[in-house]
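Examination of the molecular architecture
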Amino acid sequence: MPDIDREFVHITRLAADGKLDDVAALFRKAAPSLVKRRPDLTNGISTVLGMLDRTNMLRSEASPLPVDVDSRLELLRWDSNPAVPVSPVWPKMVGTALEEVIAERHAEERLSEVGVNPTNSMLFVGDPGTGKTLAATWLAERLELPLLTLDLSAVMSSFLGRTGNNIRTVLDYAKRSPGVLLLDEFDALAKRRDDGLEIGELKRLVTVLLQEIDRWPTFGILIAATNHPDLLDPAVWRRFDRVLEFPLPMQSDLEELICQLVPQAKRTLIPAKLLASLFRGSSFSDVTRTIESSKRTAVIQNVSIEDVMIQVAADLCKSQPRREKLAFARQLARAGISQRKISEFTGISRDTIRKQL
């Protein structure tokens, strides 16, 4: 049974803080259970929900995406139905953290009973291609929220003060309704304020960003992503509810990804496990791009994906240490590939192949 007094205090606190959208979101969430407990209030609840829907509709119609005053370029990209093409493969710690964020949203009412809010700001850190943008898209899809992505090229202006105004415009727009806002290349916006090369306007922008992160509305999530954490202002780190590091994938992660992208890789001439070992040190993005390119090649050349993947493996093998080359050679030999072909694929002499195999 919900604590009505506690809920009243929580709603009043949100209203007093000016977070009227949070109040509306809380009412929407509570409406179904409220109707069950108090069927006599059904008409009144329906009326309020209708008012909220009309308000959102008017706001949407009256609020086109913000644009830069000079270039007239849109400052945001809006995806109302974000989706990822295949189920992502996450390193264990990343997957656990993302699932916890989803679980918090489903337990929002219970969290409010103890006076805490779900995670609404996250900093993603990692090398290019490790899944930071994909994770933001995946979260938006799972939470059934639109994804708003900052267009850094449109936001950054050569006019003094214009960049700061663009950022404020984007943040004000994103706070109006539930959604996931992705600030990619965050290090370009939140640089260290002790950097003597940065002008005062950008240093003031960092202060604005820190304040906005602190008071981001609970009905949405602000995600900042960076490939260069060393460039961030030190004060940035403690402002986010969660800091999530995206490492390069382990071999087992790559093997799982390969099996998703090429299901037949479990039983082909070059098994996923061996292929994953050849891809070791690559990012998820690198592997996905290579395999998607291989699929296109197979279709255009009218050959099997297996034949193309053999060539991909051969190309990867040439830069591998001798041990990996020999493992690849043994795999090809077991499949009946001639020693001449194996030598071409691996760069190992035929005499060595005969001795080793």
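None of the values given here were measured: they were computed from a predicted structure.

1. Describing the sheet that holds strand 3 (residues 147-150)
The strand order 1-3-4-5-2-6 describes an open sheet built from 6 strands, whose pairing is mixed. With partners counted over all chains shown, the strands left at the sheet margins are strand 1 (76-79) and strand 6 (242-246), one partner each. Across the sheet, the mean angle separating the axes of adjacent strands is 20 degrees when strand polarity is ignored. The sheet contact formed by strand 4 (residues 180-183) and strand 5 (residues 221-226) spans 4 bridges and is parallel. Each residue of the ladder has a partner; that of leucine 181, found in strand 5, is leucine 222. Taken strand by strand, helix 6 (residues 132-143) contacts strand 2 (121-126), strand 3, strand 4, strand 5 and strand 6, and its axis lies near 150 degrees from that of strand 2. Along the sheet face, helix 8 (residues 162-174) touches strand 1, strand 3, strand 4 and strand 5 and points at about 175 degrees away from the line of strand 3.

2. Notes on the pattern of salt bridges
Evaluated as defined, the whole model comprises 11 salt bridges. When the shortest N-O distance is used, the salt bridge between arginine 242 and glutamate 104 registers 3.0 Å. With arginine 242 in strand 6 and glutamate 104 in helix 4 (residues 92-106), this pair connects stretches of sequence that are 138 residues apart. Taking the relative accessible area as the measure of exposure, arginine 242 reaches 18% and is therefore buried. Taking the shortest distance from any N to any O, the salt bridge between lysine 295 and glutamate 292 comes out at 3.9 Å. With lysine 295 and glutamate 292 both in helix 13 (residues 284-301) and 3 residues apart, this pair spans about one turn of that helix. For glutamate 292, a relative accessible area of 29% gives the class partly exposed.

3. Some details on the confidence of the model for the protein
Averaged over all residues, the pLDDT of the protein equals 81, while 86% of them reach at least 70. Predicted confidence in the protein is weakest over helix 3 (residues 42-62), with a mean pLDDT of 62, and strongest over strand 2, with 96.

Parameters and conventions
- Residues numbered from 1 in each chain as written.
- Predicted model: local features only at pLDDT ≥ 70, side-chain atom pairs only at ≥ 80, totals over all residues.
- Heavy atoms only, no water.
- Pairing = 2+ DSSP bridges.
- Helix = DSSP H or I, 4+ residues; strand = E, 2+ residues; numbered from the N terminus.
- Axes fitted to C-alpha atoms, helices over the stretch in contact; angles between N-to-C directions.
- Contact = heavy atoms within 4.5 Å.
- Salt bridge = Lys/Arg side-chain N within 4 Å of Asp/Glu carboxyl O.
- Buried < 20%, exposed > 50% of the residue type's maximum accessible area, 1.4 Å probe, protein only.
- pLDDT = per-residue confidence, 0-100.

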